[in-house]
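Take a look at the letters that make up each chain.
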Amino acid sequence: MKKSALIITLLVICAFGCDTVGVFEQTKAFANQSWAAKDSLRFNFEINDTTAFYNVYVVLRHTDAYRYSNIYINVTSINPGDTAITKRHNFILAGTTGWLGSAMDDIIEQRKLINSNPIRLKKGTYIVVLKQIMRDDPLLHILNAGVRVEKVIQ
């Protein structure tokens, strides 16, 4: 009961204290808490408001047992009517004082911004594909990964 009240309180605070609106968020879980190099994750989302600016994030959940302070991920984006563009990202997950994300028990959630500034998106269907490119295969202690798109309120 206390855990539910805490979660509801945090959601209310975020809803009234944030300057963004979530447009899309989806994550996919990995069997046995491991992300194999062959496992590409594909996410589709629609954009209708072309006047707004957006932030796009990679969402990661891992355990405290994850061995590294970073993760390399190829992010492929396919915009409406365009060809695929793949960019390698080195997401820093920990600093000198510990994990950078939010933690609950031994699970850490990280939201890593893909674009450096809010961007305008064209109307239509977008596809984002995530693929881990670390040397470990499979990459252990990764629970799930996904994409979040937020509309920036100005």
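For the structure itself, look to the data block above.
Residues numbered from 1 in each chain as written. Predicted model: local features only at pLDDT ≥ 70, side-chain atom pairs only at ≥ 80, totals over all residues. Heavy atoms only, no water.

**Student:** Even after reading the chapter, I still don't get the pairing of strand β11 (residues 124–132), so can you show me in this structure?
**Tutor:** In the case of a regular strand, side chains alternate between the two sheet surfaces. Among the 9 residues that make up β11, 7 are buried, leaving the element largely enclosed by the rest of the structure. Two strands pair when backbone bridges link them, and strand β5 (residues 70–78) and β11 are joined in this way by 6 bridges, in the antiparallel orientation. Looking at β11, one finds that Ile 78 is bridged to Ile 127. (Buried < 20%, exposed > 50% of the residue type's maximum accessible area, 1.4 Å probe, protein only. Helix = DSSP H or I, 4+ residues; strand = E, 2+ residues; numbered from the N terminus. Pairing = 2+ DSSP bridges.)

**Student:** Whenever I open this one, the packing of aromatic side chains confuses me. Can you help?
**Tutor:** Aromatic ring pairs are reported here in terms of the distance separating the ring centres and the angle at which the planes meet. The tally for this structure, following the rule as stated, stands at 5 aromatic pairs. Between the aromatic rings of Phe 30 and Trp 35, the centroid separation amounts to 4.9 Å while the plane-to-plane angle is 25 degrees, which identifies the pairing as stacked. Assigned by exposure class, Phe 30 and Trp 35 land together as buried. Three or more aromatic residues joined by ring pairs make a cluster, and in this case those are Phe 24, Phe 45 and Tyr 126. The aromatic ring of Phe 43 is capped on one face by Lys 28, whose charged end is 4.9 Å from the ring centroid. (Phe/Tyr/Trp six-rings, centres within 6.5 Å; stacked < 30°, edge-to-face > 60°. Lys NZ or Arg CZ within 6 Å of the ring centre and 35° of its normal.)

**Student:** Sorry, what's going on with the side chain of Asn 144 here?
**Tutor:** Mapping Asn 144 onto the fold places it in strand β13 (residues 142–152). The residues touching Asn 144, leaving out its near neighbours within four places in the chain, are Thr 27, Lys 28, Ala 29, Phe 30, Val 59, Leu 60 and Arg 61. (Contact = heavy atoms within 4.5 Å.)

**Student:** Could you clarify how one ought to interpret the nonpolar core in this entry?
**Tutor:** In summary, soluble globular proteins display a tendency toward joint burial of nonpolar side chains. Among the nonpolar cores identified, the biggest contains 28 residues, and Trp 35, Ile 71, Ile 73 and Leu 130 are the most heavily contacted of them. Elements supplying a minimum of two residues to this core: β3 (41–47), β4 (53–63), β5, β11 and β13. Leu 130 has contacts with Trp 35, Asp 39, Ser 40, Leu 41, Phe 43, Val 58, Ile 73, Asn 74, Val 75, Ala 145, Gly 146 and Val 147, leaving out every residue within four places of it along the chain. (Core = buried A, V, L, I, M, F, W, Y, C linked by side-chain atoms within 4.5 Å.)

**Student:** How should unusual backbone geometry be read in this particular structure?
**Tutor:** What you tend to see is this: most non-glycine residues have negative phi, and most peptide bonds are trans. A cis amide bond links Asp 137 with the next residue in sequence, Pro 138, at an omega value of 5 degrees. A positive phi is found at Gln 33, a non-glycine position, where the angle reads about 55 degrees. Of note, the phi angle at Asp 105 is positive, near 60 degrees, even though the residue is not glycine. Note on placement: Asp 105 falls in the loop between β9 (102–104) and β10 (107–113). Residue classification places Asp 105 among the exposed positions, given a relative accessible area of 71%.

**Student:** So what exactly am I meant to see when it comes to the pairing of β4 here?
**Tutor:** Counted residue by residue, β4 has 9 buried out of 11 residues, so it is predominantly covered. Direction of pairing for β4 relative to β13: antiparallel, over a ladder of 10 bridges. By the bridge assignment, Val 59 is partnered in β13 with Gly 146.

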